Amino acid sequence: MHVIAAPRVVADGLPLGPACVAVEHGVVVGVEAGQAYDRLGPDLVLDTGVLVPGLVDVQVNGCFGVDFVGADPAGWAEATRRLPETGVTAFVPTFITAPVPDLVAALRRTAALLPGLTAGARVLGVHVEGPFLSPRRHGAHDPSLLRHPTRAAVDALLAAAPGLLRIHTLAPELPGALDVVRRMSAAGVLISIGHSDATAAQAEATADAGARMVTHLFNAMRPMHHREPGVVGRALVDPRLVCGLIADLHHVAAPVCRLAFSAAAGRVVLITDAVAAAGMPPGEYDLGGRELAIDPLGLPRRADGTLAGSGLRLDAAIANAVTAGIDLRSAVDAATRLPADLVGRSDLGRIAPGAAADLAWLGDDLRTRATWIGG
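Residues numbered from 1 in each chain as written. Predicted model: local features only at pLDDT ≥ 70, side-chain atom pairs only at ≥ 80, totals over all residues. Heavy atoms only, no water.

## Section: the overall build of the protein
So, point 1. Broken down by element type, the protein carries eleven helices and 21 strands.
So, point 2. In terms of overall dimensions, the protein is globule-like: its C-alpha atoms have a radius of gyration of 20 Å, near the 21 Å expected for 375 residues.
So, point 3. Reported as C-alpha extents along the three principal axes, the dimensions of the protein are approximately 65 × 45 × 45 Å.
So, point 4. Split into buried and exposed, the 375 residues of the protein put 56% on the buried side.
So, point 5. Counting only contacts in the protein whose residues sit at least 6 apart along the sequence, the fraction spanning at least 24 positions is 68%. (Helix = DSSP H or I, 4+ residues; strand = E, 2+ residues; numbered from the N terminus. Rg over C-alpha atoms; globule rule 2.2 N^0.38 Å. Buried < 20%, exposed > 50% of the residue type's maximum accessible area, 1.4 Å probe, protein only. Contact = heavy atoms within 4.5 Å.)

Right, dumping it as structure tokens:
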């Protein structure tokens, strides 16, 4: 057994403060609050910062020069090895809009290579974002590749690699989309509303059909109006919908981040929506087969200026949320426990007996200083 002590620990059932965490065989076996250092004889004492559960990112297109949808085994190994530098111990790689046969091929290729990834951050399934999106809210997605859903297309995605497709983002106002929501939800796929011009009523009907998430709240969707709340308004008040949020303070301004956490308390999940350029120097990179460049603020953009994902780290998202006025525990929960629960992994994203010993040590600046996966 190994014991880690820290001046602040975000653990289930304990107030934020000093605590010791005991780990054995890759699992948390005990947590004790207070200055129990002398009695327990910790193997490691962290003298600053905060010990938090390993971070969980449910929307990340790529990082460190790797675009997941087209990456080879070496690229996947590099990205999964380096994501823990940012505190991330588990993630859902995201494939954006492409022809359905290309997405099917990418899912099959990913299923074949995952068994070979024996180190680094855990892969929790794949998030397919598109191609059933609104041409009015396509954002950085190639509008020429968007399409209405068909049964054949949905069948192909579900059959490509059974069990691998974990999250699917679509625009529910498209013809036949609600049938897709019901079918994919029944197959165990988490449906998220995104890149959508849906009204509030249409968003409500989508939640009635089984949708449980909204993809990057505020971005690429009908904005909230006091007479027509749209997807944003529905998401903020509907307890069934979890709100993904890119808290880089550029996609969403600090006061609006605070508004989201206040209105949808316990339902905001911090995501990066990071692309291959994340963690890389300025230059030109690829997102789903289309070129993008990093602007002077470090934001990935298409040639027309459209934001194309982000260069955000998930530990930085926590720090930004705290800067915006969110309390530390809520910000950490939004990047750990809540996304883990969203994808059905209650063994991750928490420091509690029986949970996997995935841990991150954040400095006083909330930047990752060390990460442990499975102890």
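## Some thoughts on the nonpolar core
Soluble globular proteins tend to pack their nonpolar side chains together in the buried interior.
So, point 1. Judged by nonpolar contacts, the single largest core of 104 residues is most densely connected at L270 and I318.
So, point 2. Considering each element in turn, this core owes the most residues, six residues, to helix α3 (residues 100–113).
So, point 3. Not counting residues up to four positions away in its chain, the partners in contact with L270 are V56, L245, A247, F261, L314, A317, I318, A321, A331, A334 and A335. (Core = buried A, V, L, I, M, F, W, Y, C linked by side-chain atoms within 4.5 Å.)

## Some points on the packing of aromatic side chains
Aromatic ring pairs are reported here in terms of the distance separating the ring centres and the angle at which the planes meet.
So, point 1. A complete count under the given rule lists two aromatic pairs for this structure.
So, point 2. Seen in terms of ring centroids, F68 and W76 are 4.8 Å apart; in terms of plane orientation they differ by 45°. Their pairing is tilted.
So, point 3. When its relative accessible area of 0% is taken as the criterion, F68 is described as buried.
So, point 4. For W76, a relative accessible area of 0% translates into the label buried.
So, point 5. Among the aromatic side chains, those forming a connected cluster through ring pairs are F68, W76 and F91. (Phe/Tyr/Trp six-rings, centres within 6.5 Å; stacked < 30°, edge-to-face > 60°.)

## Description of the packing of helix α5 (residues 177–186) against helix α6 (residues 200–209)
So, point 1. Following both chains from N to C, one finds α5 and α6 inclined at 30°, their axes separated by 9 Å at the closest point. Judged by the inter-axis angle, α5 sits roughly parallel to α6. Where α5 crosses over α6, the two elements pack in a sense that is right-handed. When α5 is examined against α6, the residues L178, V181, R182 and S185 are found in contact with a partner set consisting of A205, T206 and A209.
So, point 2. Within the contact of α5 with α6, the residues separate by chemical class into four nonpolar, two polar and one charged. (Axes fitted to C-alpha atoms, helices over the stretch in contact; angles between N-to-C directions. Parallel < 35°, antiparallel > 145°, perpendicular 65-115°, else oblique. Left-handed = near helix turned anticlockwise from the far one by under 90°. Nonpolar A, V, L, I, M, F, W, Y, C, P; charged D, E, K, R; others polar.)

## Topic: the packing of helix α4 (residues 151–160) against α5
So, point 1. At their nearest, the axes of α4 and α5 sit 11 Å apart, and the two run at 25° to each other. Considering their axes alone, α4 and α5 lie roughly parallel with respect to each other. Along this stretch, α4 crosses α5, giving a crossing that reads as right-handed. Contacts between α4 and α5 pair R151, V154, D155, L157 and L158 from the former with V180, R183 and M184 from the latter.
So, point 2. Per-class residue counts for the contact of α4 with α5 are five nonpolar, no polar and three charged.

## Observations concerning helix α7 (residues 230–237)
Since the α-helix packs 3.6 residues into each turn, any two residues three or four apart lie on the same face.
So, point 1. Summarising burial for α7: seven of the eight residues are buried, a large majority.
So, point 2. Along α7, the residues classified as buried are G230, V231, V232, G233, R234, A235 and L236.
So, point 3. Buried residues belonging to α7 abut β13 (190–193), α6, β14 (213–214), β15 (242–246) and α8 (254–263).

## What about the side chain of R267?
So, point 1. Note that R267 resides in the loop between α8 and β16 (268–271).
So, point 2. At 6.2 Å, D238 is the nearest oppositely charged side chain to R267, a buried residue that forms no salt bridge.
So, point 3. Separated by 2.8 Å, the side chain of R267 and the backbone oxygen of A235 make a polar contact.
So, point 4. Apart from residues lying up to four places away in sequence, R267 is in contact with A235, L236, V237, D238, P239, L241, V242 and C243. (Lys, Arg positive; Asp, Glu negative; His and termini not counted. Salt bridge = Lys/Arg side-chain N within 4 Å of Asp/Glu carboxyl O. Polar contact = N/O pair within 3.5 Å; in protein donor to acceptor, adjacent residues only side chain to side chain.)

## Remarks on the environment of L51
So, point 1. With respect to the helices, strands and loops of the structure, L51 is situated in strand β5 (residues 50–53).
So, point 2. L51 sits in the buried class, given a relative accessible area of 0%.
So, point 3. Those residues in contact with L51, other than ones at most four positions away along the chain, are I4, A6, R8, V9, V10, V21, L46, I351, L359, A360, W361 and W372.

## What about the side chain of T110?
So, point 1. Relative to the elements of secondary structure, T110 occurs in helix α3.
So, point 2. Owing to a relative accessible area of 1%, T110 belongs among the buried residues under this scheme.
So, point 3. For T110, the residues in contact, after removing those within four places along its chain, are W76, F95, V126 and L164.

## Brief notes about α5
So, point 1. Listed in full, the buried residues belonging to α5 are A177, V180, V181 and M184. Around the axis of α5, the buried residues are gathered within 105° of arc, so they sit on the same side. Residues of α5 that are exposed and angled more than 90 degrees away from the buried face: D179 and A186.
So, point 2. The secondary structure elements touched by the buried residues of α5 are α4, β12 (165–170), β13 and α6.
So, point 3. Of the residues flanking the end of α5, it is G188, one or two places downstream, whose phi is positive at about 90°. (Arc of directions from axis to C-beta.)

## Describing the pattern of salt bridges
So, point 1. Inspection of the entire model under this criterion finds 19 salt bridges.
So, point 2. Note that D197 is salt-bridged to R222, the shortest N-O span being 3.5 Å. Of this pair, D197 sits in the loop between β13 and α6 while R222 is found in the loop between β14 and α7, placing the two residues 25 residues apart along the sequence.
So, point 3. Here D238 and R234 are joined by a salt bridge, their closest N and O atoms 3.2 Å apart. Taken individually, D238 and R234 each receive the classification buried, so the pair is uniform in this respect.

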